[in-house]
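Here are the chains, one letter per residue:
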Amino acid sequence: MAFFEANQWDMPSHWDFNFFTNKVEMERESFLDLLLNRAVSERLPLDLLFKPLRNEEYVERELSLNKARPEIRRSILRLYALRIDMNCFLITGGAIKVTARMQEAQHTNLELIRLNQARDYLAEQGITDVYLFQASFNFR
């Protein structure tokens with residue numbers, strides 16, 4: 001309720017609290033199914049779940065900004081991640097996105113800033129692929 005009240009001016013005028021909460025709950029269930037059931041049990045490649053934040057940004061071997069969302073038309077739930085390598089993503093945050101551009105709402109603009117800061121940090125450390133990422137953070 002607090003999110004709806006704080007961000008209601010960003011939302012389409014025909015949305016009300018009940019519509020909003022039902023939409024978020026439906027998308028949450030779809031997202032959990034997509035991430036847990038299909039990605040884990042069916043071993044669905046993460047590259048199919050996460051798409052470039054901007055289409056022109058897709059690069060095969062470089063850090064890139066990515067998003068994931070439920071397979072629902074006009075979905076508002078998002079996970080934001082850095083693509084470290086094929087099927088390897090570092091999730092930096094998530095949001096309820098109700099505006100066309102991330103910069104138009106304070107909470108999604110903050111997620112964009114976090115994505116860029118994480119990408120810049122990894123690039124400054126020379127971490128450009130999954131092997132350097134694992135070695136730098138002692139993942140095995």
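That block above? That's the structure.
Notes on the structure follow.

Conventions and cut-offs
- Residues numbered from 1 in each chain as written.
- Predicted model: local features only at pLDDT ≥ 70, side-chain atom pairs only at ≥ 80, totals over all residues.
- Heavy atoms only, no water.
- Salt bridge = Lys/Arg side-chain N within 4 Å of Asp/Glu carboxyl O.
- Helix = DSSP H or I, 4+ residues; strand = E, 2+ residues; numbered from the N terminus.
- Buried < 20%, exposed > 50% of the residue type's maximum accessible area, 1.4 Å probe, protein only.
- Core = buried A, V, L, I, M, F, W, Y, C linked by side-chain atoms within 4.5 Å.
- Contact = heavy atoms within 4.5 Å.
- Phe/Tyr/Trp six-rings, centres within 6.5 Å; stacked < 30°, edge-to-face > 60°.
- Expected span 1.5 Å × (residues − 1).
- Arc of directions from axis to C-beta.

If you walk through the whole model with that rule in mind, you get 5 salt bridges. The closest approach of N and O atoms between Arg 28 and Glu 25, which form a salt bridge, is 2.8 Å. With Arg 28 and Glu 25 both in helix α2 (residues 17-41) and 3 residues apart, the pair spans about one turn of that helix. Arg 28 sits in the partly exposed class, given a relative accessible area of 36%. Residue classification places Glu 25 among the partly exposed positions, given a relative accessible area of 37%. Arg 28 serves as the salt-bridge partner of Glu 29, at 2.6 Å between the closest nitrogen and oxygen. Ionic contacts of the salt-bridge type, sharing partners, join the residues Glu 25, Arg 28 and Glu 29 into one network.

Looking now at the nonpolar core. Formed by 19 residues in total, the largest nonpolar core has its most connected members in Phe 20, Phe 50, Ile 76 and Ile 96. Secondary structure elements with two or more residues in this core: α2, β3 (77-85) and β4 (88-96). Among the elements that take part in this core, α2 stands out by supplying 5 residues, more than any other. Setting aside residues no more than four positions away along its own chain, Ile 96 makes contact with Phe 3, Phe 20, Val 24, Ile 76, Leu 77, His 107 and Thr 108. Ranked by size, the runner-up nonpolar core spans 14 residues in total, among them Leu 82, Met 102, Leu 115 and Phe 133.

Time to look at the packing of aromatic side chains. Per the stated rule, a full pass over the model turns up 4 aromatic pairs. Residues Trp 15 and Phe 19 carry aromatic rings whose centres are separated by 5.3 Å and whose planes lie at 50° to one another, so their mutual orientation is tilted. We classify Trp 15 as buried; its relative accessible area is 13%. An aromatic cluster of at least three residues, connected via ring pairs, comprises Phe 3, Trp 15, Phe 19 and Phe 20.

So, on to helix α4 (residues 106-124). Under the 1.5 Å per step criterion, the end-to-end length of α4 is 27 Å for 19 residues, consistent within 8% with the ideal 27 Å. Residues of α4 that are buried: His 107, Thr 108, Glu 111, Leu 112, Leu 115, Ala 118 and Leu 122. Buried residues along α4 cover an arc of 150° about the axis, so they all sit on one side. Opposite the packed face of α4, turned more than 90 degrees from it, sit the exposed residues Gln 106, Gln 117 and Glu 124. Positive phi shows up at Gly 126, right after α4, with a value of about 80°.

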